Amino acid sequence: MNANLAAGTPPDIMVLHGRRIPNYASRGLLTPLGDVLAGAGIDADDLTESARGFVEYNGELYGIPLDLHGHLWHINVDHWAAAGLVNDDGSPDIPYGMDEFMSHAETFKEATGMPFLGMWTNGLSRNWMALVYQQEGGTVEGDDGLPDINTEAGLNALNFLIMLRDEGHITDNVDYGAAQEIFLNGENGGHINGTWVVNFYDNQVADPEAPLKNYYVHNFPTVYDQPAAWAGSHAWIIPQGSDPDPATLEATLTFLDYLNDNNIEWARTGHSAVNTSVVNSDVYNEYPHRQEYAEFVPSAVIPPRENWSTAFESVMDEELSAAMIGEKSPEQALADAQTRLEDFALFE
Amino acid sequence: MNGLSLGRAVEGALNLLDVFSPVVEPYRRFHENLPPKAQQTVTAFVFILPFGILYAIFTILPIFQTFYISLHKWEIMGTNIRYIGLKNFERLLTRDTQFHQAFEQTILFVALTIPIIFVGLFFALMLNRPIKGIGIFRTIFYLPNIIAVTVIGLIWARVFASSDRGLINAFLENFNAGPIPFLDQGNLATLVVSFTTLWWTVGFSMLIFLAGLQDISQALYDAAEVDGANRRQQFRHITIPGLRRPFAFLCILQVIASFQIFGQVDVMTGGGPAGNTRTIVYNIFETSFLYFQVGYGTAMAVIMFAVLLVISLFQLALFRDQGVGS
């Protein structure tokens, strides 16, 4: 796509992660849609606040979200039941706050000998970010729009992850595929993964030979003061620049209108729909497990609408990983992340 | 198509060449008026001209373009292009700790993968024997070299996976040992990537040495045998001197290839854990394609080019002193 943009031959329409929109919009490469959507029959006011946040930049709309996706807590209910962590109706007894969470984790480990939670350990920035935003005033962006990583909230979140690992509550040293395999094989109590696997995991349960028999999915664990979960959005954008050919734009908008009208179909995967009317509809709410993570949408964290967001995940993954494997102290890792992201943000 | 119509087709095709006659005729007259020796030289140049033009456009020009881009802030989408002089180099050399770490890591990879040459020599010596089915063994040893790096990386990443999902760790589990965090600990991951590189590329070194060995005249060994030289003496005084050229060739190529390690790192570790296996080329890729800073990434490439140039010239001078290439 970048080569096409450089050559001046962009596609008429394409999907872009919402967190990347600032990068392209700030360079004048995306077509602003605020004034043209209504004419195409698309009601931008129907977008959920979370989904809309991913396609806005400097007060202008630059896309129509296809979904809102993010991290959830996938749970093996049979294991929770074995540890006595279920309610009378058989649903998991979800802990809230640090004390309850740690108490559940200890109880689970004692009862089953398995880790309470699984997560892939080479992509921790998303979980760390959620834990930062769960704390009162927690953020990764300063008032000046620059990265604000080396904070008390950041250190708390990192120390919490290290503590979980040290006390054997999370599966250690696993990549994405292995983390998923461990959960599906019934080797831990739960697994942090995205909305995109809800339908897939649900289908696994339908297989009589699958080790996972009783599946439940909840919002990302709330360990601190308020719910918050890492989120993202695949967004339809029109990379025709600020002065597009009217006929091409009209045809593109017609297609976009069709896609938006059928947004509910894409949500079958497990992603959240982006229109309030769809999210509140009966059909949508009858999708499997949908009610179990209904609070995901309001708790979705919209990453900073700054260009340095592009480098955020790779830099943070690396520095957090350095702290997790003991190559750096948590303080040093966050200080280094701050320096690197600032250097990236300020380089002209 | 019968012979007659084929002849017509060829004649037709040749007639098409008449379109070049406005150029060919003056050239022919110019060529005929040249002294015989100059005629040969000019003809040679004309023959290499088509390749020369393509080489200039697709190889030489990009090299100069690289130097030009490195002096600019240049985004991959072709936006915000601005001349900034040596600022990219200043940032690189003075405060980009990630680049410094990647540079050190690359040097380490070069040092760790140099032994590939000697392993290749060992295999070549083993496979340079007149035994039955030797062709099959040679093929087997060379086979990894023709597999795509993506496949190689995926296979070995699975073998060395840190959890009990890895082949080695699953095996160790039977003995209540492990798991060893092969890809989750900096030093181990570096060794694993180096080993994978060795497995993948040793066949090439073997092949070059094998060709070198077969180039050494059997008469030399026969004469040494008559003079009473034992196997070790023959190896030291005939084989090793006879392999100087392939050795020099492989040394230069191996250092350049090791400096350019990318695929294995990309597939197996993604530069991790904690940036421990990030090499210069991987850093260039991240900077240019993930962070869009092509100008800055290009400055890294220029630094690497300069370092490789110096090392290669040094190696050439060293081998020339030892009589290779003279």
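Basis of the calculations
Residues numbered from 1 in each chain as written. Chains lettered and ligands numbered in written order. Predicted model: local features only at pLDDT ≥ 70, side-chain atom pairs only at ≥ 80, totals over all residues. Helix = DSSP H or I, 4+ residues; strand = E, 2+ residues; numbered from the N terminus. Rg over C-alpha atoms; globule rule 2.2 N^0.38 Å. Buried ≥ 20, exposed ≤ 12 C-beta atoms within 10 Å, placed from the backbone. Contact = placed C-beta atoms within 7 Å. Domains from an automatic or database assignment. Nonpolar A, V, L, I, M, F, W, Y, C, P; charged D, E, K, R; others polar. Axes fitted to C-alpha atoms, helices over the stretch in contact; angles between N-to-C directions. Parallel < 35°, antiparallel > 145°, perpendicular 65-115°, else oblique. Left-handed = near helix turned anticlockwise from the far one by under 90°.

Trainee: It is not clear to me how the overall build of chain A should be interpreted in this structure. Could you clarify?
Mentor: Regarding its fold elements, chain A presents 16 helices and 10 strands. In summary, chain A has a C-alpha radius of gyration of 21 Å against a globular reference of 20 Å for 348 residues, a match within 12%. Based on the C-alpha atoms only, the size of chain A along its principal axes is roughly 65 × 50 × 35 Å. Put simply, chain A has 348 residues, and 49% of those count as buried. Intrachain contacts of chain A at a sequence separation of at least 6 include 77% that bridge at least 24 residues.

Trainee: Honestly, the overall build of chain B in this entry has me stumped. Any pointers?
Mentor: In terms of regular secondary structure, chain B is built from 16 helices and two strands. A globule of 326 residues ought to have a C-alpha radius of gyration of about 20 Å, yet chain B, at 27 Å, is considerably larger. With respect to the principal axes defined by its C-alpha atoms, chain B has extents near 85 × 75 × 55 Å. Relative to its full complement of 326 residues, chain B shows a buried share of 30%. Sequence separation of 24 or more characterises 64% of the internal contacts of chain B that already satisfy a separation of 6 or more.

Trainee: Which parts of the structure should I look at to understand the domain arrangement of chain A?
Mentor: Many authors give the size of an interface as the accessible area that is lost as the parts come together. Residue and element names in this part refer to chain A. We note that the domain assignment places domain 1 (2-68 + 233-301) and domain 2 (71-228 + 305-346) within chain A. Summarising the inter-unit geometry, the C-alpha centres of domain 1 and domain 2 are found 27 Å apart. If you look at the interface, domain 1 gives 19 residues, while domain 2 gives 21 residues. Its residues assigned to classes, the side of domain 1 that touches domain 2 comprises six nonpolar, eight polar and five charged.

Trainee: What should I look at first to understand unusual backbone geometry in this one?
Mentor: Glycine aside, a negative phi is what most residues show, and trans is what most peptide bonds show. Residue and element names in this part refer to chain B. Even without being a glycine, Asn176 presents a positive backbone phi close to 55°. Within the secondary structure, Asn176 sits in the loop between α9 (167-173) and α10 (186-215). The exposure class of Asn176 is exposed, given the 6 C-beta atoms found within 10 Å. Phi is positive for Phe292, close to 70°, though the residue is something other than glycine.

Trainee: Sorry if this is basic, but what is going on with the interface of chain A and chain B here?
Mentor: Of the residues lining the interface, 23 residues belong to chain A; the matching set on chain B comes to 24 residues. Only α1 (2-7), α8 (176-184), α15 (309-324) and α16 (330-346) of chain A provide two or more residues apiece to the side of chain A that touches chain B. Examining the composition of the side of chain A that touches chain B, we find that six residues originate from one element, α15(A), more than from any other. When the residues that make up the side of chain A that touches chain B are grouped by side-chain class, the tally is 10 nonpolar, six polar and seven charged.

Trainee: Explain the packing of helix α13 (residues 244-259) of chain B against helix α16 (residues 294-321) of chain B to me, please; I cannot follow it from the model alone.
Mentor: Helix packing for two helices is described by the angle between their axes and how far apart those axes are. All names here are of chain B. Two elements in contact, α13 and α16, have axes whose closest approach is 10 Å; the angle formed by their N-to-C orientations is 165°. The angle between α13 and α16 falls in the class roughly antiparallel. Between α13 and α16 the crossing geometry is right-handed. Contacts between α13 and α16 involve Ala248, Cys251, Ile252, Val255, Ile256 and Phe259 from the former and Met304, Leu308, Ile311, Ser312, Gln315 and Phe319 from the latter. Partitioned by chemical class, the residues of the contact of α13 with α16 number 10 nonpolar, two polar and no charged.

Trainee: Please clarify how the domain arrangement of chain B should be interpreted in this entry.
Mentor: Residue and element names in this part refer to chain B. Partitioning chain B into domains gives domain 1 (3-82) and domain 2 (86-321). The gap between the C-alpha centroids of domain 1 and domain 2 is 37 Å. Contributions of two or more residues to the side of domain 1 that touches domain 2 are made by α3 (36-69) and β1 (72-73). Ranked by the residues each element gives to the side of domain 1 that touches domain 2, the list is headed by α3, at three residues.

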